[in-house]
Amino acid sequence: MVVDDVTTTALALWTGVLREAGDRRVSVALSGGSTPLEMFSRLGAPDMRSQWPWEQLVLFWGDERPVPPDHPDSNYGAARERWLAQVPLPTRQIYPWPTQAAPEEAARQYAATLTTVLGPEPVFDLVWLGVGPEGHTASLFPGSAALSADALAAAPFVAVKDTVRLTLTPRVFNLSRRVVFLARGEDKREIVRRAFAEPDAGLPVQSIQPAADPWWILDRAAAADLPAFPRFE
Ligand code: 6PG
């Protein structure tokens, strides 16, 4: 969907997923990067704080950088600073990557945590993802072995970033009940066009194929080359 304000629409989607869940637990995987930062800040605002069934929510991260939580690159740190530190979500329901461990061990531990909390075939109720200019999502980059890994989590070396990253694999994302991509801005225009117009491009973002088609929340700039997309004016 094409909207004026992706964050406002994302918040409405959160509300819908929570309402749909009734009193059932809601498991969510958050994305990193800059796009969701405004959403985290809005979720941490006083008006949102009182509305949420905090006891139902369990949070994971679709990917992480191998840095401590207080490092500026930490995806968990970004969500904690803007949102989690402002709300009464019990820490026992928040599952950051164990970045104190070596990357491969962190991936092994995180996969074990996933299966302990969500079951042997872990199904998220809601997964937030972004997309990078070359079509990566989470920390699944073009050519990565993690794209075809049978494991639930991996620690691939990402040449374009010259670092190891920690990421869940398509196997996990594709088990999810609802996957939502957030993308906005002119710099996402071309990759969004390719993601839709070039189905055989083999982009990592195209490896995310859950049973329920992913939703895309886009602003006009990112969706500029998607003529057939429904537009919510
Ligand atoms: C990360 C993210 C990554 C991100 C895209 C888009 O850890 O960086 O998980 O996949 O979603 O790179 O990033 P922006 O939102 O900053 O454009």
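Residues numbered from 1 in each chain as written. Predicted model: local features only at pLDDT ≥ 70, side-chain atom pairs only at ≥ 80, totals over all residues. Heavy atoms only, no water.

### Thoughts on the side chain of Ser-176
Checked against the element boundaries, Ser-176 lands in the loop between helix H6 (170-173) and strand S10 (179-183). A polar contact of 2.9 Å, which involves the side chain of Ser-176, links it to the backbone oxygen of Phe-173. Ser-176 has contacts with Val-123, Phe-124, Val-127 and Pro-210, leaving out every residue within four places of it along the chain. (Helix = DSSP H or I, 4+ residues; strand = E, 2+ residues; numbered from the N terminus. Polar contact = N/O pair within 3.5 Å; in protein donor to acceptor, adjacent residues only side chain to side chain. Contact = heavy atoms within 4.5 Å.)

### A short note on the nonpolar core
Trp-14, Leu-30, Leu-57, Leu-59, Trp-61, Trp-83 and Trp-128 are the most contacted members of the largest nonpolar core, which totals 75 residues. In terms of residue count, the dominant contributor to this core is helix H1 (residues 6-21) (8 residues). Not counting residues up to four positions away in its chain, the partners in contact with Leu-57 are Trp-14, Val-26, Val-28, Trp-52, Trp-83, Leu-89 and Gln-93. (Core = buried A, V, L, I, M, F, W, Y, C linked by side-chain atoms within 4.5 Å. Buried < 20%, exposed > 50% of the residue type's maximum accessible area, 1.4 Å probe, protein only.)

### Overview of the sheet that holds strand S9 (residues 166-168)
What links the strands of a sheet is backbone hydrogen bonding, and the strands pair in either a parallel or an antiparallel sense. Reading across from one edge, S4-S9-S6 is the order of the 3 strands in this open sheet, with antiparallel pairing throughout. Because the sheet does not close on itself, it has two edges, and the strands there are strand S4 (63-64) and strand S6 (153-154). Here S6 pairs with S9 via 2 bridges, running antiparallel. Paired with Ala-154 across the strands is Thr-167, a residue of S9. (Pairing = 2+ DSSP bridges.)

### A look at the packing of aromatic side chains
The geometry of an aromatic ring pair is captured by the separation of the ring centres together with the interplanar angle, meaning the angle of the planes. The tally for this structure, following the rule as stated, stands at 14 aromatic pairs. Ring geometry for Phe-60 and Phe-124: centres 5.4 Å apart, planes at 75°, overall edge-to-face. In this pair, Phe-60 is assigned in strand S3 (residues 57-61) and Phe-124 in the loop between helix H5 (103-118) and strand S5 (126-129), connecting sequence segments 64 residues apart. The same class applies to Phe-60 and to Phe-124, which are both buried. (Phe/Tyr/Trp six-rings, centres within 6.5 Å; stacked < 30°, edge-to-face > 60°.)

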